[in-house]
Amino acid sequence: MSTEPETRNPPSPRLRQAGPDPGTAIGLSPAVARALESALAGRGISAEAALELARSAPLDELLFAAGRVREAHFGNRLHCCSILSVKTGRCSENCGFCAQSGHHATDVRPTELLDDPAVRRAAQEARDNRASAMGLVSSGCGPAGAHFEDYCARLESVRDEGLSVHASLGLIDAAHARRLAALGVTVYNHNLESARSFFGEICTTHGYDDRLATLEALREAGIARCCGGIFGLGESWEQRVELAAELARLGIERVPINFLHPIPGTPFENRPLLPAREALRIVAVFRLMLPKALIQVCGGRELVLGHLQPLAFAAGATGVILGNYLTTKGRPAIEDLVMFRDLGLELATDEHR
Ligand code: SF4
(Lines give C-alpha, C1' and ligand atoms only; values in the text may rest on other atoms or scores of the structure.)
Protein backbone atom coordinates (compact mmCIF):
# COMPACT_ATOMS: atom_id res chain seq x y z
CA MET A 1 0.00 0.00 0.00
CA SER A 2 1.24 3.49 -0.78
CA THR A 3 2.57 5.52 2.12
CA GLU A 4 2.16 8.66 0.04
CA PRO A 5 0.29 11.34 2.04
CA GLU A 6 -2.42 13.39 0.37
CA THR A 7 -0.89 16.45 -1.29
CA ARG A 8 -2.00 19.55 -3.04
CA ASN A 9 -1.59 20.27 -6.75
CA PRO A 10 1.89 20.51 -8.39
CA PRO A 11 3.86 23.71 -7.71
CA SER A 12 2.46 26.77 -9.42
CA PRO A 13 4.51 29.08 -11.68
CA ARG A 14 4.29 31.65 -8.89
CA LEU A 15 6.12 29.30 -6.53
CA ARG A 16 8.69 28.52 -9.19
CA GLN A 17 9.46 32.23 -9.61
CA ALA A 18 9.91 32.89 -5.92
CA GLY A 19 12.85 35.05 -4.86
CA PRO A 20 15.89 34.30 -2.73
CA ASP A 21 13.93 33.65 0.45
CA PRO A 22 12.07 30.60 -0.77
CA GLY A 23 10.82 29.33 2.54
CA THR A 24 8.29 31.06 4.68
CA ALA A 25 7.86 33.96 2.21
CA ILE A 26 5.92 31.68 -0.09
CA GLY A 27 4.13 29.73 2.56
CA LEU A 28 6.15 26.55 2.86
CA SER A 29 5.40 24.66 6.02
CA PRO A 30 8.04 25.36 8.69
CA ALA A 31 9.65 21.92 8.51
CA VAL A 32 10.14 22.16 4.73
CA ALA A 33 11.37 25.76 4.99
CA ARG A 34 13.98 24.72 7.58
CA ALA A 35 15.09 21.80 5.41
CA LEU A 36 15.38 24.05 2.38
CA GLU A 37 17.48 26.60 4.21
CA SER A 38 19.82 23.93 5.54
CA ALA A 39 20.24 22.11 2.22
CA LEU A 40 20.75 25.36 0.27
CA ALA A 41 23.63 26.07 2.65
CA GLY A 42 25.05 22.62 1.83
CA ARG A 43 24.09 21.01 5.12
CA GLY A 44 22.09 17.82 4.78
CA ILE A 45 19.09 17.57 7.06
CA SER A 46 19.13 15.13 9.97
CA ALA A 47 17.55 11.69 9.88
CA GLU A 48 14.89 12.87 12.30
CA ALA A 49 13.97 15.85 10.15
CA ALA A 50 13.98 13.68 7.03
CA LEU A 51 11.64 11.17 8.59
CA GLU A 52 9.23 13.91 9.56
CA LEU A 53 9.23 15.25 6.00
CA ALA A 54 8.93 11.80 4.47
CA ARG A 55 5.85 11.06 6.53
CA SER A 56 3.97 14.31 6.50
CA ALA A 57 5.26 17.02 4.14
CA PRO A 58 3.07 17.75 1.10
CA LEU A 59 4.76 16.34 -1.99
CA ASP A 60 4.54 19.62 -3.90
CA GLU A 61 6.47 21.39 -1.16
CA LEU A 62 9.10 18.64 -1.05
CA LEU A 63 9.55 18.85 -4.82
CA PHE A 64 9.83 22.61 -4.69
CA ALA A 65 12.49 22.50 -1.97
CA ALA A 66 14.45 19.63 -3.52
CA GLY A 67 14.34 21.25 -6.95
CA ARG A 68 15.67 24.52 -5.55
CA VAL A 69 18.51 22.66 -3.84
CA ARG A 70 19.43 20.89 -7.07
CA GLU A 71 19.44 24.17 -8.97
CA ALA A 72 21.51 25.91 -6.29
CA HIS A 73 24.26 23.29 -6.29
CA PHE A 74 24.19 21.97 -9.85
CA GLY A 75 22.45 24.60 -11.98
CA ASN A 76 20.83 23.02 -15.02
CA ARG A 77 23.58 20.47 -15.54
CA LEU A 78 23.00 16.74 -15.57
CA HIS A 79 25.55 13.97 -15.26
CA CYS A 80 24.46 10.86 -17.08
CA CYS A 81 26.26 7.66 -17.90
CA SER A 82 25.68 4.48 -19.81
CA ILE A 83 26.35 1.04 -18.44
CA LEU A 84 27.36 -2.16 -20.11
CA SER A 85 27.17 -5.60 -18.59
CA VAL A 86 30.48 -7.20 -19.49
CA LYS A 87 29.70 -10.43 -17.66
CA THR A 88 26.19 -11.49 -16.86
CA GLY A 89 24.62 -14.01 -14.51
CA ARG A 90 25.88 -16.99 -12.48
CA CYS A 91 26.60 -14.79 -9.50
CA SER A 92 27.56 -16.63 -6.33
CA GLU A 93 25.60 -14.14 -4.19
CA ASN A 94 21.90 -14.31 -3.38
CA CYS A 95 20.66 -10.69 -3.50
CA GLY A 96 16.90 -11.16 -3.54
CA PHE A 97 16.09 -8.52 -6.16
CA CYS A 98 18.73 -9.57 -8.66
CA ALA A 99 18.09 -11.49 -11.86
CA GLN A 100 21.78 -12.39 -12.07
CA SER A 101 22.04 -14.40 -8.90
CA GLY A 102 22.83 -18.06 -9.48
CA HIS A 103 20.53 -18.81 -6.55
CA HIS A 104 17.40 -17.74 -8.45
CA ALA A 105 15.76 -19.39 -11.48
CA THR A 106 15.41 -16.40 -13.81
CA ASP A 107 15.46 -16.04 -17.58
CA VAL A 108 18.83 -14.31 -17.59
CA ARG A 109 21.28 -15.98 -19.95
CA PRO A 110 24.76 -16.06 -18.43
CA THR A 111 27.67 -14.78 -20.48
CA GLU A 112 31.43 -14.89 -20.16
CA LEU A 113 33.46 -11.68 -20.20
CA LEU A 114 32.65 -9.66 -23.36
CA ASP A 115 35.44 -9.46 -25.87
CA ASP A 116 37.26 -6.26 -26.55
CA PRO A 117 35.61 -5.34 -29.92
CA ALA A 118 32.16 -5.60 -28.32
CA VAL A 119 33.19 -3.27 -25.50
CA ARG A 120 34.61 -0.76 -27.98
CA ARG A 121 31.41 -0.82 -30.08
CA ALA A 122 29.32 -0.17 -26.96
CA ALA A 123 31.59 2.70 -25.96
CA GLN A 124 31.22 4.29 -29.39
CA GLU A 125 27.43 3.96 -29.18
CA ALA A 126 27.42 5.54 -25.72
CA ARG A 127 29.44 8.44 -27.11
CA ASP A 128 26.94 8.81 -29.96
CA ASN A 129 24.19 8.97 -27.30
CA ARG A 130 26.15 11.87 -25.76
CA ALA A 131 27.06 10.00 -22.62
CA SER A 132 30.33 11.33 -21.22
CA ALA A 133 31.07 8.21 -19.25
CA MET A 134 30.51 4.52 -19.50
CA GLY A 135 30.46 2.04 -16.68
CA LEU A 136 31.45 -1.58 -17.15
CA VAL A 137 29.50 -3.81 -14.83
CA SER A 138 30.16 -7.42 -13.97
CA SER A 139 28.06 -9.89 -12.06
CA GLY A 140 29.73 -11.71 -9.24
CA CYS A 141 31.11 -11.12 -5.80
CA GLY A 142 34.29 -9.52 -7.12
CA PRO A 143 36.88 -9.83 -9.90
CA ALA A 144 38.55 -13.21 -9.44
CA GLY A 145 42.36 -13.36 -9.22
CA ALA A 146 43.91 -13.89 -12.63
CA HIS A 147 40.85 -12.53 -14.48
CA PHE A 148 41.18 -9.11 -12.89
CA GLU A 149 43.62 -7.96 -15.57
CA ASP A 150 41.12 -9.00 -18.27
CA TYR A 151 38.65 -6.56 -16.74
CA CYS A 152 41.36 -3.91 -16.63
CA ALA A 153 41.95 -4.36 -20.36
CA ARG A 154 38.25 -3.77 -21.11
CA LEU A 155 38.25 -0.66 -18.95
CA GLU A 156 41.29 0.66 -20.81
CA SER A 157 39.36 0.23 -24.07
CA VAL A 158 36.59 2.50 -22.75
CA ARG A 159 39.22 5.04 -21.75
CA ASP A 160 40.83 4.84 -25.18
CA GLU A 161 37.45 5.59 -26.83
CA GLY A 162 37.47 8.95 -25.08
CA LEU A 163 34.91 8.28 -22.36
CA SER A 164 35.35 8.62 -18.64
CA VAL A 165 35.72 5.16 -17.20
CA HIS A 166 33.40 3.88 -14.49
CA ALA A 167 33.35 0.36 -13.13
CA SER A 168 31.19 -1.89 -11.01
CA LEU A 169 32.91 -5.20 -10.47
CA GLY A 170 31.76 -6.13 -6.98
CA LEU A 171 33.84 -6.38 -3.83
CA ILE A 172 37.45 -5.25 -4.28
CA ASP A 173 40.42 -4.76 -1.97
CA ALA A 174 42.89 -1.89 -1.66
CA ALA A 175 45.31 -3.31 -4.24
CA HIS A 176 42.55 -3.69 -6.84
CA ALA A 177 41.35 -0.16 -6.12
CA ARG A 178 44.84 1.26 -6.63
CA ARG A 179 45.20 -0.63 -9.92
CA LEU A 180 41.86 0.71 -11.16
CA ALA A 181 42.78 4.25 -10.17
CA ALA A 182 46.09 3.94 -12.02
CA LEU A 183 44.42 2.86 -15.28
CA GLY A 184 42.00 5.77 -15.15
CA VAL A 185 38.83 4.57 -13.42
CA THR A 186 37.31 7.71 -11.95
CA VAL A 187 34.09 6.34 -10.48
CA TYR A 188 33.29 2.93 -9.00
CA ASN A 189 29.75 1.84 -8.31
CA HIS A 190 29.22 -0.27 -5.24
CA ASN A 191 25.79 0.07 -3.68
CA LEU A 192 24.96 -0.53 -0.06
CA GLU A 193 21.51 -1.41 -1.47
CA SER A 194 19.60 -0.64 1.72
CA ALA A 195 20.01 0.10 5.40
CA ARG A 196 22.18 -2.16 7.51
CA SER A 197 19.05 -3.03 9.49
CA PHE A 198 17.38 -4.38 6.31
CA PHE A 199 20.37 -5.87 4.49
CA GLY A 200 19.85 -9.34 5.96
CA GLU A 201 16.46 -9.45 4.23
CA ILE A 202 18.17 -8.88 0.87
CA CYS A 203 21.34 -10.94 0.99
CA THR A 204 22.86 -13.57 3.28
CA THR A 205 25.95 -14.59 1.31
CA HIS A 206 27.97 -11.51 2.21
CA GLY A 207 27.63 -8.78 4.78
CA TYR A 208 27.18 -5.05 5.00
CA ASP A 209 30.70 -4.68 6.36
CA ASP A 210 32.13 -6.33 3.24
CA ARG A 211 30.53 -3.57 1.19
CA LEU A 212 31.79 -0.88 3.55
CA ALA A 213 35.34 -2.26 3.24
CA THR A 214 35.18 -1.89 -0.55
CA LEU A 215 33.98 1.70 -0.18
CA GLU A 216 36.91 2.42 2.11
CA ALA A 217 39.38 0.92 -0.37
CA LEU A 218 37.94 3.17 -3.08
CA ARG A 219 38.15 6.24 -0.88
CA GLU A 220 41.80 5.52 -0.10
CA ALA A 221 42.57 5.08 -3.81
CA GLY A 222 40.93 8.41 -4.68
CA ILE A 223 38.17 6.88 -6.80
CA ALA A 224 34.78 8.59 -6.51
CA ARG A 225 32.25 6.28 -4.90
CA CYS A 226 28.92 5.78 -6.59
CA CYS A 227 26.87 4.18 -3.87
CA GLY A 228 23.16 4.07 -3.34
CA GLY A 229 20.40 1.58 -3.11
CA ILE A 230 17.26 -0.02 -4.35
CA PHE A 231 13.81 0.82 -3.02
CA GLY A 232 10.50 -0.94 -2.99
CA LEU A 233 11.80 -4.15 -1.43
CA GLY A 234 9.62 -3.83 1.63
CA GLU A 235 11.95 -1.54 3.55
CA SER A 236 10.46 1.06 5.86
CA TRP A 237 10.88 4.82 5.66
CA GLU A 238 13.11 4.59 8.73
CA GLN A 239 15.37 2.25 6.77
CA ARG A 240 15.42 4.51 3.70
CA VAL A 241 16.48 7.39 5.89
CA GLU A 242 19.00 5.14 7.70
CA LEU A 243 20.63 4.41 4.33
CA ALA A 244 20.77 8.09 3.38
CA ALA A 245 22.31 8.94 6.76
CA GLU A 246 24.97 6.25 6.21
CA LEU A 247 25.78 7.67 2.77
CA ALA A 248 26.06 11.15 4.29
CA ARG A 249 28.35 9.83 7.02
CA LEU A 250 30.60 8.22 4.39
CA GLY A 251 30.68 11.38 2.27
CA ILE A 252 29.51 9.49 -0.82
CA GLU A 253 29.87 11.55 -3.99
CA ARG A 254 27.26 9.88 -6.26
CA VAL A 255 24.06 8.20 -5.23
CA PRO A 256 22.19 5.95 -7.63
CA ILE A 257 18.56 5.42 -6.71
CA ASN A 258 16.99 2.27 -8.12
CA PHE A 259 13.38 1.18 -7.87
CA LEU A 260 12.55 -2.50 -7.75
CA HIS A 261 11.58 -3.99 -11.08
CA PRO A 262 10.27 -7.33 -9.82
CA ILE A 263 11.88 -10.14 -11.82
CA PRO A 264 10.10 -13.49 -12.14
CA GLY A 265 12.06 -16.18 -10.35
CA THR A 266 13.54 -13.89 -7.70
CA PRO A 267 12.36 -13.83 -4.08
CA PHE A 268 10.96 -10.33 -4.68
CA GLU A 269 9.03 -11.25 -7.81
CA ASN A 270 5.66 -10.52 -6.20
CA ARG A 271 6.52 -7.26 -4.51
CA PRO A 272 4.16 -4.48 -5.65
CA LEU A 273 5.65 -1.64 -7.67
CA LEU A 274 6.41 1.52 -5.73
CA PRO A 275 3.81 4.20 -6.50
CA ALA A 276 5.39 6.95 -8.59
CA ARG A 277 4.66 9.66 -6.04
CA GLU A 278 6.33 7.66 -3.28
CA ALA A 279 9.37 7.16 -5.52
CA LEU A 280 9.57 10.94 -6.08
CA ARG A 281 9.33 11.46 -2.35
CA ILE A 282 12.35 9.17 -1.86
CA VAL A 283 14.41 11.17 -4.36
CA ALA A 284 13.43 14.46 -2.71
CA VAL A 285 14.25 13.28 0.81
CA PHE A 286 17.64 11.99 -0.37
CA ARG A 287 18.31 15.36 -2.06
CA LEU A 288 17.63 17.19 1.20
CA MET A 289 19.81 14.80 3.21
CA LEU A 290 22.62 14.75 0.61
CA PRO A 291 22.43 18.22 -0.92
CA LYS A 292 25.79 18.13 -2.69
CA ALA A 293 25.87 14.55 -3.93
CA LEU A 294 24.98 13.68 -7.49
CA ILE A 295 21.75 11.70 -7.42
CA GLN A 296 21.08 9.50 -10.40
CA VAL A 297 17.74 7.80 -10.93
CA CYS A 298 18.60 4.42 -12.40
CA GLY A 299 16.93 1.01 -12.63
CA GLY A 300 13.13 0.95 -12.57
CA ARG A 301 12.83 4.60 -13.62
CA GLU A 302 10.60 4.08 -16.62
CA LEU A 303 8.54 1.35 -14.97
CA VAL A 304 7.91 3.15 -11.67
CA LEU A 305 7.84 6.83 -12.62
CA GLY A 306 6.12 6.38 -15.98
CA HIS A 307 4.78 9.73 -17.21
CA LEU A 308 6.13 11.44 -14.09
CA GLN A 309 9.77 10.93 -15.14
CA PRO A 310 10.39 14.65 -15.71
CA LEU A 311 9.50 15.27 -12.06
CA ALA A 312 12.57 13.28 -11.01
CA PHE A 313 14.56 16.46 -11.66
CA ALA A 314 12.17 18.59 -9.63
CA ALA A 315 12.75 16.03 -6.89
CA GLY A 316 16.47 16.73 -7.07
CA ALA A 317 17.90 14.13 -9.43
CA THR A 318 20.98 15.26 -11.32
CA GLY A 319 21.10 12.45 -13.81
CA VAL A 320 19.84 9.17 -15.15
CA ILE A 321 21.29 6.15 -16.87
CA LEU A 322 21.00 6.58 -20.61
CA GLY A 323 20.01 3.49 -22.56
CA ASN A 324 19.60 -0.02 -21.23
CA TYR A 325 20.13 -1.39 -17.75
CA LEU A 326 21.89 -4.65 -16.91
CA THR A 327 19.10 -7.12 -17.48
CA THR A 328 16.16 -4.86 -18.39
CA LYS A 329 15.61 -2.44 -21.25
CA GLY A 330 15.66 1.31 -20.74
CA ARG A 331 13.92 3.63 -23.16
CA PRO A 332 15.77 4.95 -26.24
CA ALA A 333 18.32 7.58 -25.24
CA ILE A 334 16.84 10.05 -27.72
CA GLU A 335 13.66 10.24 -25.62
CA ASP A 336 15.68 11.27 -22.60
CA LEU A 337 17.68 13.80 -24.61
CA VAL A 338 14.44 15.39 -25.82
CA MET A 339 13.11 15.43 -22.25
CA PHE A 340 16.26 17.19 -21.03
CA ARG A 341 15.98 19.78 -23.80
CA ASP A 342 12.33 20.45 -23.02
CA LEU A 343 13.12 20.85 -19.31
CA GLY A 344 15.98 23.28 -20.05
CA LEU A 345 18.54 20.82 -18.66
CA GLU A 346 21.96 20.25 -20.21
CA LEU A 347 24.24 17.27 -20.21
CA ALA A 348 27.54 18.04 -18.52
CA THR A 349 30.55 16.87 -20.45
CA ASP A 350 32.98 17.04 -17.57
CA GLU A 351 33.38 14.68 -14.64
CA HIS A 352 31.88 15.88 -11.37
CA ARG A 353 34.21 14.91 -8.50
S1 SF4 B 1 23.41 -7.59 -6.98
FE2 SF4 B 1 25.53 -8.10 -7.63
S3 SF4 B 1 26.33 -9.39 -5.94
FE4 SF4 B 1 24.09 -9.37 -5.72
S5 SF4 B 1 23.37 -11.20 -6.87
FE6 SF4 B 1 23.30 -9.45 -8.29
S7 SF4 B 1 25.28 -9.51 -9.38
FE8 SF4 B 1 25.47 -10.77 -7.53
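Here, the structure is the one placed above.
The sections below set out a description of the structure shown in this document. (Residues numbered from 1 in each chain as written. Predicted model: local features only at pLDDT ≥ 70, side-chain atom pairs only at ≥ 80, totals over all residues.)

From N to C terminus, the protein includes 14 helices and 11 strands. The buried share among the 353 residues of the protein stands at 48%. Excluding contacts between residues fewer than 6 apart, the proportion of contacts in the protein whose partners are at least 24 apart in sequence is 78%. (Helix = DSSP H or I, 4+ residues; strand = E, 2+ residues; numbered from the N terminus. Buried ≥ 20, exposed ≤ 12 C-beta atoms within 10 Å, placed from the backbone. Contact = placed C-beta atoms within 7 Å.)

One way to put it is that helix α2 (residues 30-40) packs onto helix α3 (residues 47-56) with a least axis distance of 10 Å and a crossing angle of 135 degrees. Judged by the angle between their axes, α2 and α3 are oblique. In this structure, the crossing between α2 and α3 has a hand that is left-handed. Listed contacts from α3 to A31, V32 and A35 of α2 are A49, E52 and L53. Its residues placed into classes, the contact of α2 with α3 shows 5 nonpolar, no polar and 1 charged. (Axes fitted to C-alpha atoms, helices over the stretch in contact; angles between N-to-C directions. Parallel < 35°, antiparallel > 145°, perpendicular 65-115°, else oblique. Left-handed = near helix turned anticlockwise from the far one by under 90°. Nonpolar A, V, L, I, M, F, W, Y, C, P; charged D, E, K, R; others polar.)

One broad trend across soluble globular proteins is that nonpolar side chains are buried collectively. Core analysis: the largest hydrophobic core is formed by 107 residues, its most contacted members being V283, V285 and L288. In terms of residues, this core owes the most to one element, helix α11 (residues 276-289), which gives 10 residues. Counting contributing residues per domain, this core is built from domain 1 (13-74) and domain 2 (77-347), each supplying no fewer than three. Setting aside residues up to four positions removed in sequence, V283 forms contacts with I257, I295, V297, A312, A315, G316 and A317. (Core = buried A, V, L, I, M, F, W, Y, C linked by C-beta atoms within 7 Å. Domains from an automatic or database assignment.)

In the vicinity of the ligand, the contacting residues are C91, E93, C95, C98, Q100, S101, S139, C141 and G170. Within the shell around the ligand, the residues separate by chemical class into 4 nonpolar, 4 polar and 1 charged. (Near = placed C-beta within 6 Å.)

Time to look at unusual backbone geometry. Unlike most non-glycine residues, R90 shows phi in positive territory, near 55 degrees. The residue R90 is located in the loop between β2 (82-87) and α5 (116-128) in this model. If you check the backbone angles, E193 has positive phi at about 75 degrees while not being a glycine. Looking at the secondary structure, you find E193 in the loop between β5 (185-189) and α8 (196-202).

If you check helix α10 (residues 237-250), its first and last C-alpha atoms are 20 Å apart, about what 14 residues at 1.5 Å a residue would give, namely 20 Å. For α10, every residue scored as buried is listed here: Q239, R240, V241, E242, L243, A244, E246, L247 and A248. Residues of α10 that are buried make contact with α3, α8, β7 (229-231), β8 (254-259) and α11. Just downstream of α10, G251 is the residue with a positive phi angle, here 70 degrees. (Expected span 1.5 Å × (residues − 1).)

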